Amino acid sequence: MRRKWFILIRQHRWLILLALVSLVLRLSMLTWGTGIDEHTGFYHPDEHKAWRSMTNFPGNYLNNPRYEYGTALQYTLAIFCYPVNIGWDKIGTLFGGIDRLQFNVLAFRFVNSLFGVGCVFLVFKLGRKLYDGMTAWFAAALVALGYYHVINSPICSLDVPMSFFVTLLLLLVPWAFERKSKGAFVLLGMATGYLIGMKIYAFFIGIVPLVYLGGTILKDRSRWWEEAKTWIAPMLIYAGVSILTTFITTPHIFLHFPEYVAWMTSRPDLWFPGEMHQGWRIRRGWGLAFNEMYTPFLAWVPLAGFLFSYPGRNHPYFKCWLSMPILVCSILLFWGGWIPARYLLFISTILALFSARMLARLIQHRSLLTRSLACSLAVFILVWNLRSIAIAIEARKQDSRAIAAAYLAEYLPEGARLTMANAPDFQDWRDHEWRYPVIRAEKYQLVSIFDEPEYIVTNDINLVRMRRALLDKHKHLDEDFNWVGGGWWLDKQIPTAEEFRFYQDLIFDQENYELVQSWPGEVRIKIPFSGPEIRLYRKKS
């Protein structure tokens, strides 16, 4: 047995080395935004939606109030972490320097990173089955060193694990249909149900077995009905196990279905944005998402790669390939113009395969010029991804919010009157606390912007709309600073004339406040939830 493992490792040593490099890159950002350091906080605003389901387990198993995410992965992790959490409650701190919440967050992030590395092996295997070794290697490298895949792996979110299960199911479906056994379809149903238990829109993965079923039944059209009857039992097993697995991993949606529907229908702007399916909004939304995920230079590569991906109608994995563009198009059309770049991670391994096939076909072309250009493009893509990852790692190690927090803790006098200026929607600044440096509330007097604070802490995220309105005053404001412009303030509360006057002085006039210090954010590339520019203003004496 040991010899078999040794031979297997030796045969795939370069792939394992690539996976290890990928793991190191992912784990290098593991502790970012976890509050472990004295001056850092939680910087990812969506993580709590996932890790709260994990940290509140098992009390929330049947009555979880959170409907935006499924709970399959969170509950699984919670079961494995439960003994440690019990020990933490009974004994106290088990690991120096972190608390119980941070342990769970780090465990979640670590497992997500492993899922990211797992995608490397799965997409390599899928590339070998669909095409050839060169395509498989390119696909594995594009996932292992994929900028967006890497930086989203060490985050408590579900997009990278979902990409793992999508790739796994692209391999499991052909295997199950080839074996046609009950056990195979039970396993297929469990994987499908688990994926749907992460996020409900993952039901689109059902396209893959349906394509296989249709292709199998219609292979001999003269006896399609006889063939169809033989698949009734396997498909019923598949559907039943899928539903049961989804129920076990996400029971609160089924047990509180009216509340779930009410929550979903109360968010039409998020889940079913009809106006976002207009043609120009779709083009703009897709362009922004692909540009953010691949950077503008590389956004066209996976789309162009589809033209090179056709394996031939007689290929044994043809039905697998056919399901891939259908799945990609279904996801893109479902979200329309409102598709965050992180949602593309669901189909990221498919896009990597398309890109890899294009590169492999061009490198195998008989023209020397084409081969040279293709090799240069492949090297450029990998180097550009590594450069982007290096920038992201450095930016997260030198986060502007942490640097600003250390400065404020050292130089701001205790008891100072301080305000956290929150301009875009004028909610309490704690609703977007991730945008700010960590502030010890007990050390200062936190007051309103109109209570003549001695110091003001704000950032460029908060000032961008206000600056735009004030610069275009003739379009949006009258002489008394009353809002008369159009609707680009979206559905947020429109600032009052008094608030506009305050920011006019803060940004432009600076009669009452002067800029003391600023800490620039990362601007070279788009890094999700990276540190914005932090500004510190002081009242003039």
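You'll find the structure just up there.
Remember, predicted model here, so these are calculated numbers, not experimental data. All residue numbers refer to positions counted from 1 along the written sequence of the respective chain. Two thresholds apply to this predicted model, a pLDDT of at least 70 for residue-level local features and 80 or more for giving and counting side-chain atom pairs, whereas whole-chain, interface and lining totals are computed over all residues. Note that the side-chain values use all heavy atoms of the structure and ignore hydrogens as well as water.

Caption draft 1: Examining the overall build of the chain more closely. When helices and strands are counted, the chain shows 24 helices and five strands. Radius of gyration: C-alpha atoms only; globule rule: 2.2 Å multiplied by the number of residues to the exponent 0.38. Relative to its length of 541 residues, the chain is compact, with a C-alpha radius of gyration of 26 Å against a globular reference of 24 Å. Dimensions along the principal axes, computed over C-alpha positions, put the chain at roughly 90 × 65 × 50 Å. Within the span of the chain, comprising 541 residues, buried residues form 54% of the whole. Only DSSP runs of H or I covering at least 4 residues are called helices, and only runs of E covering at least 2 are called strands; the numbering of each starts at the N terminus. The rule is simple: take the accessible area with a 1.4 Å probe, protein chains only, and divide by the maximum for that residue type; under 20% is buried, over 50% is exposed, in between is partly exposed.

Caption draft 2: Focus on the layout of surface pockets. Residues are said to line a cavity or pocket when one of their atoms sits within 4 Å of a point; the points come from a 1 Å grid over protein atoms alone, cavities being sets where a 1.4 Å probe fits but cannot get out and pockets being open sets with protein on both sides within 12 Å along at least five of seven lines. Grid points are joined across faces, edges and corners, and a volume is the space filled by probe spheres set on the points. There is about 540 Å³ of room inside the second largest pocket. The wall of the second largest pocket is formed by 17 residues, among which Gly-215, Thr-216, Lys-219, Phe-318 and Lys-319 lie closest to the centre. Elements that contribute at least two residues to the lining of the second largest pocket include exactly helix H8 (159-179), helix H10 (207-217) and helix H18 (318-335). In terms of residues, the lining of the second largest pocket owes the most to one element, H10, which gives four residues. When residues are grouped by polarity, Ala, Val, Leu, Ile, Met, Phe, Trp, Tyr, Cys and Pro land in nonpolar, Asp, Glu, Lys and Arg in charged, and all others, Gly among them, in polar. Of the residues contributing to the lining of the second largest pocket, the split by class is eight nonpolar, four polar and five charged.

Caption draft 3: Seen up close, the side chain of Thr-245. You can see Thr-245 is positioned in helix H12 (residues 232-249). Residue contacts are defined here by distance: any two heavy atoms, one from each residue, within 4.5 Å place the two residues in contact. When residues no more than four places from it in sequence are discounted, the contact partners of Thr-245 are Gly-189, Met-190, Gly-193 and Tyr-194.

Caption draft 4: Fine view of the pairing of strand E5 (residues 534-539). Pairing between strands is defined by DSSP: at least two bridges between the two strands are required. Pairing of strand E3 (residues 455-459) with E5, which is carried by five bridges, proceeds in the antiparallel orientation. Bridge pairing in E5 links Thr-458 to Arg-535. Here strand E4 (residues 513-519) pairs with E5 via six bridges, running antiparallel. Considered in E5, the bridge of Leu-515 is made with Tyr-537.

Caption draft 5: Main features of the nonpolar core. Here the nonpolar core consists of buried residues drawn from Ala, Val, Leu, Ile, Met, Phe, Trp, Tyr and Cys, with membership extended through side-chain atoms lying within 4.5 Å. With 129 residues, the main nonpolar core has Phe-108, Leu-195, Leu-327 and Phe-346 as its most contacted residues. Top element by residues in this core is helix H5 (residues 100-130). It accounts for 13 residues. Those residues in contact with Leu-327, other than ones at most four positions away along the chain, are Val-166, Phe-204, Ile-205, Ile-207, Phe-346, Ile-347 and Ile-350. Among the nonpolar cores identified, the runner-up in size contains 18 residues, and Leu-477, Phe-500, Tyr-503 and Tyr-513 belong to it.

Caption draft 6: Main features of helix H14 (residues 257-265). Among all positions in H14, only Tyr-260, Trp-263 and Met-264 are buried. Projection of H14 onto a plane perpendicular to its axis shows the buried side chains occupying an angular sector of 100°, all on one side. Residues Pro-258 and Thr-265 are exposed on H14 and point more than 90 degrees away from its buried face. In this description, one arc is meant: the one made by directions from the helix axis to the C-beta atoms.

Caption draft 7: Geometry of the packing of aromatic side chains. Paired rings are identified among Phe, Tyr and Trp, the last through its six-membered ring, by centres lying within 6.5 Å, and are further divided according to the angle between planes into stacked (under 30 degrees), edge-to-face (over 60) and tilted (the rest). Throughout the structure, instances matching the rule amount to 41 aromatic pairs. Ring centres of Phe-306 and Trp-321 lie 6.1 Å apart, and the angle between their planes is 5°; this geometry places the pair in the stacked category. A residue pair is termed long-range when its members are at least 10 positions apart, and Phe-306 in the loop between helix H17 (300-305) and H18 and Trp-321 in helix H18 qualify at 15 residues. What makes Phe-306 partly exposed here is its relative accessible area of 33%. Ring plane angle 90° and centroid distance 6.1 Å describe the contact between Tyr-310 and Phe-318, whose orientation is recorded as edge-to-face. Look at Phe-318 and you get buried, because its relative accessible area is 11%. The rings of Tyr-201, Phe-203, Phe-204, Phe-334, Trp-335, Trp-338, Tyr-343 and Phe-346 are connected pair by pair, giving a single aromatic cluster.

Caption draft 8: Quick peek at the pattern of salt bridges. In the sections that follow, a salt bridge refers to a side-chain nitrogen of Lys or Arg positioned within 4 Å of a carboxyl oxygen of Asp or Glu. Following the criterion strictly, the structure yields 11 salt bridges and no others. For Lys-49, the salt bridge identified is with Asp-46, shortest N-O distance 3.2 Å. You can call Lys-49 partly exposed: its relative accessible area is 24%. Residues Glu-227 and Arg-223 are paired through a salt bridge, measuring 3.6 Å at the closest nitrogen-oxygen approach. Via salt bridges that share partners, Asp-46, Lys-49 and Arg-342 belong to a single interconnected network.

Caption draft 9: The arrangement of the side chain of Ser-22 in detail. Residue placement: Ser-22 occurs in helix H2 (residues 13-27). Leave out the neighbours within four places in its chain, and Ser-22 touches Val-117, Val-120 and Ala-144.

Caption draft 10: Unusual backbone geometry, seen in detail. Backbone torsion omega between Phe-57 and Pro-58 reads 10°, so that peptide bond is classified as cis. Looking at the secondary structure, you find Pro-58 in the loop between helix H3 (47-55) and helix H4 (72-91). The phi dihedral of Phe-529 is positive, around 55°, even though this residue is not glycine. With respect to the secondary-structure elements, Phe-529 resides in the loop between E4 and E5. Residue Phe-529 is classed as partly exposed on the basis of its relative accessible area, which comes to 22%.

Caption draft 11: Representation of the environment of Val-160 in the model. Looking at the element boundaries, Val-160 is found in helix H8. On the basis of relative accessibility, which here comes to 0%, the residue Val-160 falls in the buried class. For the pair Val-160 and Cys-119, spaced 41 residues apart in the sequence, the C-alpha separation amounts to 8.6 Å. Excluding residues that lie within four positions of it along the chain, Val-160 makes contacts with Asn-112, Phe-115, Gly-116, Cys-119, His-149, Asn-152, Ser-153 and Leu-345.

Caption draft 12: View of empty space enclosed by the protein. In this structure the tally under the stated criterion is four cavities of 30 Å³ or more. Roughly 230 Å³ of volume is contained in the largest cavity. Lining the largest cavity are 16 residues, and of these Leu-142, Gly-146, Tyr-294, Ala-352 and Asn-385 lie nearest its centre. Elements with a minimum of two residues in the lining of the largest cavity: helix H6 (133-144), helix H7 (147-152), helix H16 (279-294), H17, helix H19 (348-363) and helix H20 (368-397). A class-by-class count of the residues in the lining of the largest cavity yields 11 nonpolar, five polar and no charged.

Caption draft 13: Quick look at the packing of H2 against H5. Think of each axis as a best-fit line through the C-alpha atoms, taken over the contacting stretch in the case of a helix, with angles from 0 to 180 degrees between the N-to-C directions. At a minimum axis separation of 9 Å, H2 and H5 run at an interaxial angle of 150°. Here H5 runs roughly antiparallel to H2, going by the angle between their axes. Classified by chirality, the crossing of H5 by H2 is right-handed. Packed against H2, whose contacting residues are Leu-15, Ile-16, Leu-18, Ala-19, Ser-22, Leu-23, Arg-26 and Leu-27, the element H5 presents Phe-110, Ser-113, Leu-114, Gly-116, Val-117, Val-120, Phe-121 and Phe-124 at the interface. Among the residues making up the contact of H2 with H5, the classes are represented as 12 nonpolar, three polar and one charged. Any angle between 65 and 115 degrees counts as roughly perpendicular, while under 35 counts as roughly parallel, over 145 as roughly antiparallel, and the rest as oblique. Crossings are sorted by hand: turned counterclockwise from the far helix by less than a right angle, the near helix makes the crossing left-handed, and turned clockwise it makes it right-handed.

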